[in-house]
Amino acid sequence: MKRLLFAISLLCFSLVAHVGVNDVFFEGLAGPYPLYVTIRPPIVIPGIAEISIRSAARDVKSIQFTPMTLTGAGSKYPPTPDRAVQSKEDPQLFTGGLWIMFPGAWQVRAMVEGERGAGSVSIPVPAASQKLSTMDGLTGSILALLMLVLAAGVTGIAGAAIRESQLGPEQQPDRNRIRRGRIAMAGGVVLSIMIIWFGRDWWNAESKDYSKSIYKPLVMQASLSGSHLDLQLSSSGWLQPKGTDDFVADHGHLMHLYAIREPGLDAIFHLHPERREAGKFSHELPQMPKGKYRLFADVVHGSGFPETLTASLELPQDTTGPSSSIDDAGSVLPMNGKHDRTVALAGGGQVVFDPPGTLRANQPATLRFRVFDADGNPAPNLRLYLGMAAHLALVKNDFSVFSHIHPYGNISMAAFEMAQSSLLPLGGNVLVSSHVNETGSAAVPAEFSFPFGFPTAGEYRLVLQFAGTKRVETVSFDIAVVI
Ligand SMILES: [Cu+2]
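Residues numbered from 1 in each chain as written. Predicted model: local features only at pLDDT ≥ 70, side-chain atom pairs only at ≥ 80, totals over all residues.

### Brief notes about the overall build of the chain
At step 1: A tally of regular secondary structure across the chain gives four helices and 29 strands.
At step 2: Here the C-alpha coordinates of the chain stretch approximately 110 × 60 × 45 Å along the principal axes.
At step 3: A buried classification covers 38% of the 483 residues belonging to the chain.
At step 4: When contacts within the chain are restricted to residue pairs at least 6 apart in sequence, long-range pairs at least 24 apart make up 70% of them. (Helix = DSSP H or I, 4+ residues; strand = E, 2+ residues; numbered from the N terminus. Buried ≥ 20, exposed ≤ 12 C-beta atoms within 10 Å, placed from the backbone. Contact = placed C-beta atoms within 7 Å.)

Set out below in structure tokens:
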């Protein structure tokens, strides 16, 4: 059974809290040590998650890591940690692999030893099967051929055994033996056909059973009356997570909904619908231009398992607002294909995007933005917006990729807090970057950076949101990612 599961598990497992993004990116502190962590969830489960940790500090001596469930009993009893391998060429780079044993909300705890003592951080990693791959034609043909050879061999051996096994040397089989040999061969053919037939049924049953564990996000249906949006959530049939009403607040809201106008990505709104009853959210839309919108709703279940639910919405006419949430913000701006690195702010000042050279698919990068006031100085008095220095939504122009990330990475804040709480019994040696300190009243620096790796090449729109002195600013940068 296990072998068969392995055989059919040419499966893709990936991060589910986003659309089209597999890897987990995190940037933050483990004790005094700033780390950039990339976690590539396994292709099969049970399977190995590839982990790479780059320390910005030179005095890190060793890193150990261990996988645990995010909540429940498994989060209290971490297995013996593995020691990461320190690169010889780059001593600040540590890599390794960890077994992820089943789908669900996991965390990877990293324990750092260095000249300034020990530090730990725990990074949530949601893992779920994404699709059941079919066998490629060449492998299938080779296996079918080998199966026929095997069946012919069984038939031949059965015939020869009955016909000749009891004959002495040089002795020829008589007609009776030849006849019985033929009957045995016919029996061999029938047996082979039966084995193949029942084997196929067995394979299909196992495959069907396994396909039930393939991830499907909750189903979300959007309906509109005037500017009142209703969102109805229902089960997709996937077994985990179970609820349509077990959500926890993630940076201030149960749901963060991005409405992005098709096809040009020229109107983008970050909205915050309220829960009305179990499985139902609603919202009064702000001023939005009419058109067809793609909806991406980020939610986090009580288990720490995040999901991005998708739906479509047709606005037959412009909505006039006001919105029912003071935290809503958005902008309307066509993509011009120019890939400008500098965007002017309406009230004066500008935002500059500093890409780390050419952006390449599947390469971890740091996306850095700097905000300047009208005099060209770093903008003073920026405030936290929903507890964060800044929010960045990344959308590919064919809508195959969507991710809503923050300066600490593309993990859910709620799941991150759960992961850190599992560290507290260890003495609470946890420090996170100042930009995720929700209660911090210190001025927000006028520079934001986001760890991220684009999964595929193509045209993307990056929508940066942060709170200026008077309002929440929404600025868009269009970029090209190459292979
Ligand atoms: Cu956000």
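Back to the write-up after that little detour.
### Brief notes about the pairing of strand E16 (residues 280–284)
At step 1: What you see with E16 is a clean split: Phe281 and His283 sit on the buried side and Lys280, Ser282 and Glu284 on the side with no burial.
At step 2: Pairing geometry for strand E12 (residues 228–234) and E16, over five bridges, is antiparallel. Bridge pairing in E16 places leucine 229 opposite histidine 283.
At step 3: Relative to E16, strand E15 (residues 274–277) is paired through three bridges, and the arrangement is antiparallel. In the sheet register, arginine 275 faces E16, and the bridge partner there is phenylalanine 281.
At step 4: The loop that links E15 with its antiparallel partner E16 comprises two residues; one of these, glycine 279, has a positive phi angle of about 75 degrees. (Pairing = 2+ DSSP bridges.)

### Some details on the nonpolar core
At step 1: Among the nonpolar cores identified, the biggest contains 104 residues, and Ala110, Ile123 and Leu392 are the most heavily contacted of them.
At step 2: Shared between two domains, this core takes at least three residues from each, and those domains are domain 1 (2–132) and domain 3 (216–334).
At step 3: Setting aside its immediate chain neighbours within four residues, leucine 392 contacts Leu367, Ile405, Phe450, Leu462, Val463 and Leu464. (Core = buried A, V, L, I, M, F, W, Y, C linked by C-beta atoms within 7 Å. Domains from an automatic or database assignment.)

### Observations regarding the packing of helix H2 (residues 137–164) against helix H3 (residues 175–211)
At step 1: Running from N to C, H2 and H3 point in directions that differ by 150 degrees, and their axes come no closer than 7 Å. Taken as axis vectors, H2 and H3 run roughly antiparallel relative to one another. The hand of the H2/H3 crossing is right-handed. In this structure, H2 uses Met147, Ala151, Val154, Thr155, Ala158, Gly159, Ile162 and Arg163 to contact H3, whose residues at the interface are Arg177, Ile178, Arg180, Gly181, Arg182, Ala184, Met185, Gly187, Gly188, Val189, Ser192 and Ile196.
At step 2: Taken together, the residues of the contact of H2 with H3 sort by class into 10 nonpolar, six polar and four charged. (Axes fitted to C-alpha atoms, helices over the stretch in contact; angles between N-to-C directions. Parallel < 35°, antiparallel > 145°, perpendicular 65-115°, else oblique. Left-handed = near helix turned anticlockwise from the far one by under 90°. Nonpolar A, V, L, I, M, F, W, Y, C, P; charged D, E, K, R; others polar.)

### Thoughts on the sheet that holds strand E2 (residues 24–30)
At step 1: Judged by pairing direction, the sheet is antiparallel, and its five strands sit side by side in the order E2-E3-E4-E8-E7 without closing on themselves. A single partner strand is all that each edge strand has here, and the edge strands are E2 and strand E7 (85–86).
At step 2: Sheet topology note: the E7/strand E8 (residues 93–100) ladder contains two bridges and is antiparallel. When the bridges of E8 are listed, valine 85 appears paired with threonine 95.

### A closer look at the domain arrangement of the chain
At step 1: When cut into domains, the chain gives domain 1 (2–132), domain 2 (137–211) and domain 3 (216–334).
At step 2: Domain 2 and domain 3 are separated by 59 Å when their C-alpha centres are compared.

### Observations concerning the sheet that holds strand E18 (residues 291–300)
Through backbone hydrogen bonds, the strands of a sheet pair up, either in parallel or in antiparallel fashion.
At step 1: The strand order across the open sheet built from five strands is E19-E18-E13-E14-E21, with neighbouring strands paired in antiparallel fashion. One side of each edge strand has no neighbouring strand; the edge strands of this open sheet are strand E19 (306–315) and strand E21 (329–332). Averaged over all pairs of adjacent strands, the angle between strand axes in this sheet comes to 15 degrees, irrespective of strand direction.
At step 2: Taken together, the six bridges between strand E13 (residues 256–261) and E18 define a ladder with antiparallel strand orientation.

### Remarks on H2
At step 1: Here H2 contains 28 residues, and its C-alpha end-to-end distance of 40 Å stays within 8% of the 40 Å for a straight helix at 1.5 Å per residue.
At step 2: For H2, the set of buried residues is Ala158, Gly159, Ile162 and Arg163.
At step 3: Next to the buried residues of H2 lie H3. (Expected span 1.5 Å × (residues − 1).)

### Quick look at unusual backbone geometry
At step 1: Residue proline 263 is reached from glutamate 262 by a cis peptide bond, and omega for that bond is -5 degrees.
At step 2: Of note, proline 263 is situated in the loop between E13 and strand E14 (267–271).
At step 3: Backbone geometry at glutamate 170 places phi at a positive 65 degrees, although glycine is not the residue there.
At step 4: If you trace the backbone, glutamate 170 turns up in the loop between H2 and H3.
At step 5: For glutamate 170, a count of 5 C-beta atoms within 10 Å translates into the label exposed.
At step 6: Even without being glycine, asparagine 381 reaches a positive phi, approximately 60 degrees.
At step 7: As for its placement among the helices and strands, asparagine 381 is situated in the loop between strand E24 (365–372) and strand E25 (391–396).

### Structural notes on the pairing of strand E26 (residues 402–405)
In summary, the side chains of a regular strand alternate between the two faces of the sheet.
At step 1: Of the two faces of E26, both are covered, the one formed by Phe402 and His404 as well as the one formed by Ser403 and Ile405.
At step 2: Inspection of the sheet shows E25 paired to E26 by four bridges, in the antiparallel sense. From the neighbouring strand, leucine 392 faces E26, where its bridge partner is isoleucine 405.
At step 3: Hairpin connection between E25 and E26: a loop of five residues separates the two successive antiparallel strands, and phenylalanine 399 in this loop has a positive phi of roughly 65 degrees.

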